[in-house]
Amino acid sequence: MIVDPQYRGRGIGQQLMDWVERYAHREDCETLVLDAYVTNHPAHKFYQRNGYQIVGHHFVKSLRYTDRYTD
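An account of the accompanying structure is given in this report. Model, not experiment: these values are computed from the prediction.

What follows deals with the overall build of the protein chain. Across its full length, the protein chain carries two helices and zero strands. Against the globule reference of 11 Å for 71 residues, the protein chain gives a C-alpha radius of gyration of 16 Å, more extended than a compact globule. C-alpha extents for the protein chain along the principal axes are approximately 50 × 35 × 20 Å. Within the protein chain, the proportion of its 71 residues that are buried is 14%. When contacts within the protein chain are restricted to residue pairs at least 6 apart in sequence, long-range pairs at least 24 apart make up 28% of them. Roughly 7100 Å² of accessible area belongs to the protein chain as shown, and the carbon and sulfur atoms make up 52% of that amount. Charged side chains in the protein chain number 9 positive and 9 negative. The centres of these two groups are separated by 9 Å.

Below is the structure:
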């Protein structure tokens, strides 16, 4: 989920988070997993305020511009 910058600070993100968590409970989910770029500190704070913990790293490698494995 992303809230457009011009609408941030109005509680929209919190409303979205609350809805997702209610939905997950209704569907009997056990875990919610979120991704945020390592430089997105406002998102980290938001998620932590909502009870989420940083438990690992998500590694990504773009293969679009590499010629390492071309024939």
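From this point on, the discussion continues.
It is worth spelling out the packing of aromatic side chains at this point. Taken as a whole and judged by the stated rule, the model has three aromatic pairs. Centre to centre, the rings of Trp-19 and Tyr-23 are 5.3 Å apart; their planes meet at 15°, and the pair counts as stacked. A residue pair is termed a helical-turn pair when its members lie 3 or 4 positions apart in one helix, as Trp-19 and Tyr-23 do in helix H1 (residues 12-26) at four residues. On the basis of relative accessibility, which here comes to 39%, the residue Tyr-23 falls in the partly exposed class. Clustering of aromatic rings is evident, with ring pairs tying together Phe-46, Tyr-47 and Tyr-52.

Following the sequence through the fold, His-44 ends up in helix H2 (residues 41-49). A relative accessible area of 19% places His-44 in the buried class. When near neighbours in sequence (up to four residues on either side) are disregarded, His-44 contacts Ala-36, Tyr-37 and Val-38.

This part covers unusual backbone geometry. A positive phi is found at Asp-28, a non-glycine position, where the angle reads about 60°. Assignment of secondary structure puts Asp-28 in the loop between H1 and H2.

What counts and what doesn't
- Residues numbered from 1 in each chain as written.
- Predicted model: local features only at pLDDT ≥ 70, side-chain atom pairs only at ≥ 80, totals over all residues.
- Heavy atoms only, no water.
- Helix = DSSP H or I, 4+ residues; strand = E, 2+ residues; numbered from the N terminus.
- Rg over C-alpha atoms; globule rule 2.2 N^0.38 Å.
- Buried < 20%, exposed > 50% of the residue type's maximum accessible area, 1.4 Å probe, protein only.
- Contact = heavy atoms within 4.5 Å.
- Areas by Shrake-Rupley, 256 points an atom, 1.4 Å probe, with all protein chains shown as cover.
- Lys, Arg positive; Asp, Glu negative; His and termini not counted.
- Charge placed at Lys NZ, Arg CZ, Asp CG, Glu CD.
- Phe/Tyr/Trp six-rings, centres within 6.5 Å; stacked < 30°, edge-to-face > 60°.

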